[in-house]
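Understanding the architecture of this molecule
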Amino acid sequence: MNSDFNCADFAFLDSGTGGIPYMLALKKKQPLARCVYLGDTAHFPYGEKSVEEITECAAKAVSLIIKNWNPKTLIIACNTISVTALDRLRSIFPKLPIVGTVPAIKLAAKVTKNKKIGFLATNASVNSPYSKKLIEDFAGDCHIFSRGDPKLVDFIEKDFFTATYEQKKACVKPAVDYFKSCGCDVIILGCTHFTHIAEIMQDVAGEDIKVIDSREGVSNQAIRVESADGHKKTAALEKPFRDLSFFVTEASPSEEKEYRLLCERLNIPWGGISL
């Protein structure tokens, strides 16, 4: 059977482009794994929606992923969906192993030296009871300075890949300046979109502040889950895809142009609009 008709080993879901670095991190660990990615751009941004809206939109996107690519394991490559609706999605789709992406609060608590941690995320993630519970459980002795930054998420989704390096630095500077003013020595990138600017933020923050995210932990957990589940899916798909394909649920002509440019730069296939 042509490999293009095999099911996906791992499917990734985010509101847009944010989770792509997570897919690439897993692919580096598992070169033979077949991966596919869906950005639910029709409902971007998730971070400004209610719990009910996030759950409803995410459930529809997961249904679309199952219908089109029938993955062995699903990675919710979005902190907002993960901290808001992960348990609900697992109950809706009990036969599908689902791995969430949560803020690297536990890691930050181990890394910080002065117990002052910056938490950069969407407003939904900042205000989520799940995030607050993570802080309580793993960083109870630390002072957490949270910043919801929807403007930065929007910039990364719509302008980042065509912006100059100086424009990118200018966009991350307000967040870095805020955490510096709070005396933080660690900044958690608590939205997957921010992984695109991890290196730039580290440059702006300087060597006295460590910028961290959860790519390593999520990749390892997804591989463990797939190995433990051990099930195989080999049925032919209605819509074959190329490995690492990036699909979206909506895109204007100008947005599609930018997505194609992103795919070219990251050397991943542009899958198109999936309905």
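Below: a short report on this structure. (Residues numbered from 1 in each chain as written. Predicted model: local features only at pLDDT ≥ 70, side-chain atom pairs only at ≥ 80, totals over all residues. Heavy atoms only, no water.)

1. As for the sheet that holds strand β9 (residues 245–248)
Where we set the bar: We call two strands paired when DSSP finds no fewer than two bridges between them. Every helix listed is a DSSP run of H or I at least four residues long, and every strand listed is a run of E at least two residues long, numbered separately from the N terminus.
Spatial strand order, β4-β3-β1-β2-β9-β10: six strands in an open sheet with parallel pairing. Taken across any chain shown, the strands that pair with only one partner, and hence form the sheet edges, are β4 (98–99) and β10 (270–273). Summarising the sheet, β9 and β10 pair through three bridges and their orientation is parallel. Paired with Val 248 across the strands is Ile 273, a residue of β10.

2. What about helix α2 (residues 51–69)?
Note the threshold: The span one expects for a helix is its residue count, reduced by one, times 1.5 Å. Residues count as neighbours in contact if any of their non-hydrogen atoms are within 4.5 Å of one another.
Along its 19 residues, α2 runs 27 Å from first to last C-alpha, staying within 8% of the 27 Å computed at 1.5 Å per residue. Lining the buried residues of α2 we find β1 (10–14), β2 (35–39), β3 (73–76), α3 (79–92), α5 (123–127) and β9.

3. What to know about the sheet that holds strand β8 (residues 210–212)
We count it as follows: Lines fitted to C-alpha atoms define the axes, with helix axes restricted to the stretch in contact, and inter-axis angles between N-to-C directions lie between 0 and 180 degrees.
Pairing is parallel across the open sheet formed by four strands, whose spatial order is β6-β5-β7-β8. At either end of the open sheet lies a strand with only one pairing partner, and these are β6 (143–148) and β8. Taking each pair of neighbouring strands and ignoring which way they run, the sheet shows an average axis angle of 20°. Where strand β5 (residues 116–121) and β6 come together, six bridges link them in parallel fashion. By the bridge assignment for β6, Leu 120 is matched with Arg 147. Contacting β5, β6 and β7 (186–189), helix α8 (residues 165–181) crosses the sheet at an angle of about 160° to β6.

4. What to know about the state of the cysteines
Quick note on the threshold: Defined by distance alone, a disulfide is two cysteine sulfur atoms within 2.5 Å. Burial status follows relative accessibility: with a 1.4 Å probe on protein chains alone, a residue under 20% of its type maximum counts as buried, one over 50% as exposed, and anything between as partly exposed.
Considering all chains together, one arrives at zero disulfides under this definition. Among the cysteines around Cys 78, which has no disulfide bond, Cys 191 carries the closest sulfur, lying 6.5 Å off. The structure places no disulfide on Cys 171, whose sulfur is separated from the nearest cysteine sulfur, that of Cys 191, by 13 Å. Exposure remark for Cys 171: the relative accessible area of 23% places this residue in the partly exposed category.

5. What to know about the side chain of Thr 80
What counts is decided by this rule: Polar contact criterion, stated in full: a pair of N or O atoms within 3.5 Å, where within protein one must be able to donate a hydrogen and the other to accept it, and residues adjacent in sequence count only if both atoms are side-chain atoms.
Turning to its location among the elements, Thr 80 is positioned in helix α3. Side chain to side chain, Thr 80 and Thr 122 meet in a polar contact 2.7 Å long. A polar contact of 3.4 Å, which involves the side chain of Thr 80, links it to the side chain of Ser 125. With near-sequence residues (within four places) excluded, Thr 80 lies in contact with Tyr 46, Gly 47, Ile 54, Thr 122, Ala 124 and Ser 125.

6. Comments concerning the pattern of salt bridges
To keep it simple, the criterion reads: Every case where a carboxyl oxygen of Asp or Glu lies within 4 Å of a side-chain nitrogen of Lys or Arg is listed as a salt bridge.
Enumeration over the complete set of coordinates arrives at eleven salt bridges. As a salt-bridge pair, Lys 115 and Asp 141 come within 3.3 Å of each other at their nearest N and O atoms. One end of the pair, Lys 115, is in the loop between α4 (105–111) and β5; the other, Asp 141, is in the loop between α6 (129–138) and β6, with 26 residues separating them in the sequence. With a relative accessible area of 32%, Lys 115 lands in the partly exposed category. Take Asp 141: its relative accessible area is 54%, and that puts it in the exposed class. One salt bridge connects Arg 260 with Glu 256, and the closest N-O pair in it is separated by 3.0 Å. Note that Arg 260 and Glu 256 are positioned in helix α11 (residues 253–266) at a spacing of four residues, about one turn of the helix.

Take it as geometry only, folks, not as evidence of what the structure does.
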